[in-house]
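Overview (structure and organization)
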Amino acid sequence: MSYCREDGKDRIIFVTKEDHDAPSNAELIADDPNDPYEEQGLILPDGGINWNCPCLGGMASGPCGTQFKEAFSCFHYSKEEVKGSECIDKFRSMQECMQRFPELYPQEDDKEDSSQESAPADGSASERDSSPSAVEVSPENPPPTVNPTTS
């Protein structure tokens, strides 16, 4: 004989072997494609953005979540010939916010600095340190200038 009892916050259900032998009569409910907690991937079936997607790594809910959502939405819905070209200010705003929280959003330069701090203690340079490295050049990051009088 099956029965149920409450024990504080818990509900304890006892069932018989016969209860387990009988096939289940539970009705399965189809997944709701509009359920925001259901894993749908980054883009929802209606074309919207799934801000709960684990692929965003929490960016949509961090201290710069609003700026991230504005920039990402702008890019996603962009109709410009160069997709997202009208979103530069939104991405700049997001970047400025992230720079205010370096412990949450480490920059590539920060990662390189921490790897150089772990250089050999004997002062010798590793092969990686002695080889030239590529520098990304953009309007925001112009190439370094060489002053011939300071060599």
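Whatever comes next refers back to the structure up there.
These notes cover the structure that comes with them. From a predicted model like this one, the values you see are computed outputs, not experimental measurements.

Core analysis: the biggest nonpolar cluster contains 9 residues, these being Leu56, Ala60, Cys64, Phe68, Ala71, Met94, Cys97, Met98 and Tyr105. At the level of secondary structure, the elements contributing two or more residues to this core comprise α2 (65-76) and α3 (88-99). Residue contributions to this core peak at 3 residues, all from α3. Every residue in contact with alanine 60, bar those within four places of it in the chain, is listed here: Trp51, Gly65, Phe68 and Lys69.

On to the state of the cysteines. Evaluation of the coordinates by the stated rule reveals 3 disulfides. The disulfide that involves cysteine 53 links it to cysteine 55, with 2.4 Å between the sulfurs. The sign of the S-S torsion, about 130°, decides the handedness of the disulfide formed by cysteine 53 and cysteine 55: right-handed. Cysteine 53 sits in the buried class, given a relative accessible area of 9%. The disulfide partner of cysteine 74 is cysteine 87, and the gap between their sulfur atoms is 2.0 Å. Looking down the S-S bond of the cysteine 74 and cysteine 87 bridge, the torsion is -85°, so its handedness is left-handed. Of this pair, cysteine 74 sits in helix α2 while cysteine 87 sits in the loop between α2 and α3, and the two are 13 residues apart along the sequence. Residue cysteine 74 is classed as buried on the basis of its relative accessible area of 14%. Along the chain, the cysteines engaged in disulfide bonds are linked according to the scheme 1-2, 3-6, 4-5 when indexed in sequence order.

A few words now on the pattern of salt bridges. Evaluation of the coordinates by the stated rule reveals 4 salt bridges. Residue arginine 11 is joined to glutamate 6 by a salt bridge in which the shortest nitrogen-to-oxygen separation is 3.8 Å. Both residues of the pair, arginine 11 and glutamate 6, count as exposed. Of the charged contacts, one joins aspartate 21 and lysine 17 as a salt bridge, the two residues approaching to 3.3 Å between their closest N and O atoms. A residue pair is termed a helical-turn pair when its members lie 3 or 4 positions apart in one helix, as aspartate 21 and lysine 17 do in helix α1 (residues 17-21) at 4 residues. Of the two residues examined, aspartate 21 and lysine 17, each falls in the exposed class.

In a regular helix each residue adds 1.5 Å, so 12 residues correspond to 16 Å; α2 covers 16 Å between its end C-alpha atoms and thus fits that length. Burial in α2 covers these residues: Gly65, Gln67, Phe68, Ala71 and Cys74. Buried residues belonging to α2 abut α3.

Rules of the game
Residues numbered from 1 in each chain as written. Predicted model: local features only at pLDDT ≥ 70, side-chain atom pairs only at ≥ 80, totals over all residues. Heavy atoms only, no water. Core = buried A, V, L, I, M, F, W, Y, C linked by side-chain atoms within 4.5 Å. Buried < 20%, exposed > 50% of the residue type's maximum accessible area, 1.4 Å probe, protein only. Helix = DSSP H or I, 4+ residues; strand = E, 2+ residues; numbered from the N terminus. Contact = heavy atoms within 4.5 Å. Disulfide = S-S within 2.5 Å. Salt bridge = Lys/Arg side-chain N within 4 Å of Asp/Glu carboxyl O. Expected span 1.5 Å × (residues − 1).

By themselves these figures say nothing about function.
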